[in-house]
Amino acid sequence: MVEKRLQQENREDYIEEKIVARLKEKGWQVTCAESCTGGMIASTLVNVAGVSEVFKESYVTYANSAKSKLLGVEEKALETWGAVSRQVAEQMAAGAAQAAAAQASVAVTGIAGPDGGTPEKPVGLVYIGCFAGGNIMVTENHFTGNRLEIRRQTTQAALTLLYHCLMKEQG
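Just so we're clear, the structure is a prediction, and the values are computed from it rather than from any experiment. (Residues numbered from 1 in each chain as written. Predicted model: local features only at pLDDT ≥ 70, side-chain atom pairs only at ≥ 80, totals over all residues. Heavy atoms only, no water.)

## Some points on the overall build of the protein chain
Consideration 1: When helices and strands are tallied, the protein chain shows seven helices and five strands.
Consideration 2: Taken from the N to the C terminus, the helices and strands of the protein chain come in the order α-α-β-α-β-α-α-α-β-β-β-α.
Consideration 3: Rg of the C-alpha trace for the protein chain: 16 Å, near the compact-globule value of 16 Å for 171 residues, within the 12% margin.
Consideration 4: C-alpha atoms of the protein chain, sized along the principal axes, occupy 55 × 35 × 25 Å.
Consideration 5: In the protein chain, buried positions account for 49% of the 171 residues. (Helix = DSSP H or I, 4+ residues; strand = E, 2+ residues; numbered from the N terminus. Rg over C-alpha atoms; globule rule 2.2 N^0.38 Å. Buried < 20%, exposed > 50% of the residue type's maximum accessible area, 1.4 Å probe, protein only.)

## Points about the pattern of salt bridges
Consideration 1: Taken as a whole and assessed by the stated rule, the structure comprises two salt bridges.
Consideration 2: Residue glutamate 25 is joined to arginine 22 by a salt bridge in which the shortest nitrogen-to-oxygen separation is 2.3 Å. In this pair, glutamate 25 and arginine 22 both sit in helix α2 (residues 15-26), three residues apart, roughly one turn of the helix.
Consideration 3: The salt bridge partner of glutamate 53 is lysine 24, with a shortest N-O separation of 3.6 Å. Taken as a pair, glutamate 53 in the loop between α3 (40-45) and β2 (59-60) and lysine 24 in helix α2 lie far apart in primary sequence, 29 residues in all.
Consideration 4: By relative accessible area, glutamate 53 is classed as exposed at 51%.
Consideration 5: For lysine 24, a relative accessible area of 34% translates into the label partly exposed. (Salt bridge = Lys/Arg side-chain N within 4 Å of Asp/Glu carboxyl O.)

## Observations concerning the pairing of strand β4 (residues 125-132)
Consideration 1: With eight of eight residues buried, β4 lies mostly within the body of the structure.
Consideration 2: Residues of β4 alternate between two faces, with Leu125, Tyr127, Gly129 and Phe131 on one and Val126, Ile128, Cys130 and Ala132 on the opposite face, all of them buried.
Consideration 3: Two elements, strand β3 (residues 104-110) and β4, share seven bridges in a ladder whose sense is antiparallel. Paired with threonine 109 across the bridge in β4 is tyrosine 127. (Pairing = 2+ DSSP bridges.)

## Some remarks on the packing of aromatic side chains
Consideration 1: Tallied over the full model, the rule gives zero aromatic pairs.
Consideration 2: The ring of tryptophan 28 has lysine 26 lying over it, and the distance from NZ or CZ to the ring centre is 4.2 Å. (Phe/Tyr/Trp six-rings, centres within 6.5 Å; stacked < 30°, edge-to-face > 60°. Lys NZ or Arg CZ within 6 Å of the ring centre and 35° of its normal.)

## Things to note about unusual backbone geometry
Consideration 1: Residue glycine 113 is joined to proline 114 through a cis peptide bond whose omega torsion reads 0°.
Consideration 2: Relative to the helices and strands, proline 114 resides in the loop between β3 and β4.
Consideration 3: One non-glycine residue, alanine 101, lies in the positive phi region at around 55°.
Consideration 4: Relative to the assigned elements, alanine 101 resides in the loop between α6 (86-100) and β3.
Consideration 5: Classification of alanine 101 by relative accessible area gives exposed; the value is 58%.

## Quick look at the nonpolar core
Consideration 1: Ranked by internal contacts, the top residues of the largest apolar core, which has 32 residues, are Ile19, Leu23, Ile128 and Leu162.
Consideration 2: Of all elements in the fold, only α2, β1 (30-34), α3, β3, β4 and α7 (147-168) reach the threshold of two or more residues within this core.
Consideration 3: With residues up to four places along the chain from it excluded, the contact list for isoleucine 128 reads Ala89, Val106, Ala107, Val108, Met137, Val138, Thr139, Asn141, Thr154, Ala157, Ala158 and Leu161. (Core = buried A, V, L, I, M, F, W, Y, C linked by side-chain atoms within 4.5 Å. Contact = heavy atoms within 4.5 Å.)

## Quick look at the sheet that holds strand β5 (residues 135-142)
To summarise the sheet geometry, strands pair through backbone hydrogen bonds and adopt either a parallel or an antiparallel arrangement.
Consideration 1: Pairing is mixed in the open sheet, where five strands are placed in the order β2-β1-β3-β4-β5. In the strand order of this sheet, the two ends are held by β2 and β5, each with one partner.
Consideration 2: In this sheet, β2 lies alongside β1 in parallel orientation, the contact comprising two bridges. The partner of glutamate 34 across the bridge, within β2, is valine 60.
Consideration 3: Strands β1, β3, β4 and β5 of the sheet are contacted by α7, whose axis makes an angle of about 25° with β4. (Axes fitted to C-alpha atoms, helices over the stretch in contact; angles between N-to-C directions.)

What follows is the structure, given as structure tokens:
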């Protein structure tokens, strides 16, 4: 009996459950635009029973062409700042929300490694964009570890940012 109660209490600590509850409370839809995480954020959200009320679609836009085609990221932004940039994360977040007719979205673009890093943009650099109720917030993150560890850290940070943005929005 105590063990079952502890399992239930621990489940309430999962951020994805808090996100889904907040979305239901607001009557909002959410979507994801993922590059370096390759669908890991969406996969985490769908762990929650009842998520289908607030989550209809998601985008894995690994290639620049997919970012432009599916999310409306401007070619000029990709050329000027590169796929791994604050500007592209912002456009991904806004574009995903628009494409999915969602009131909230989270977008990630980064370098999970082990290759692909440069001195200016090292492995572990990830920009996370969050769109909520018309407002956009982007964070710059520097994660460490192997490819999978960076993807996992990115997923957790993206969910944390999404939750923060949802809690900030009134209504």
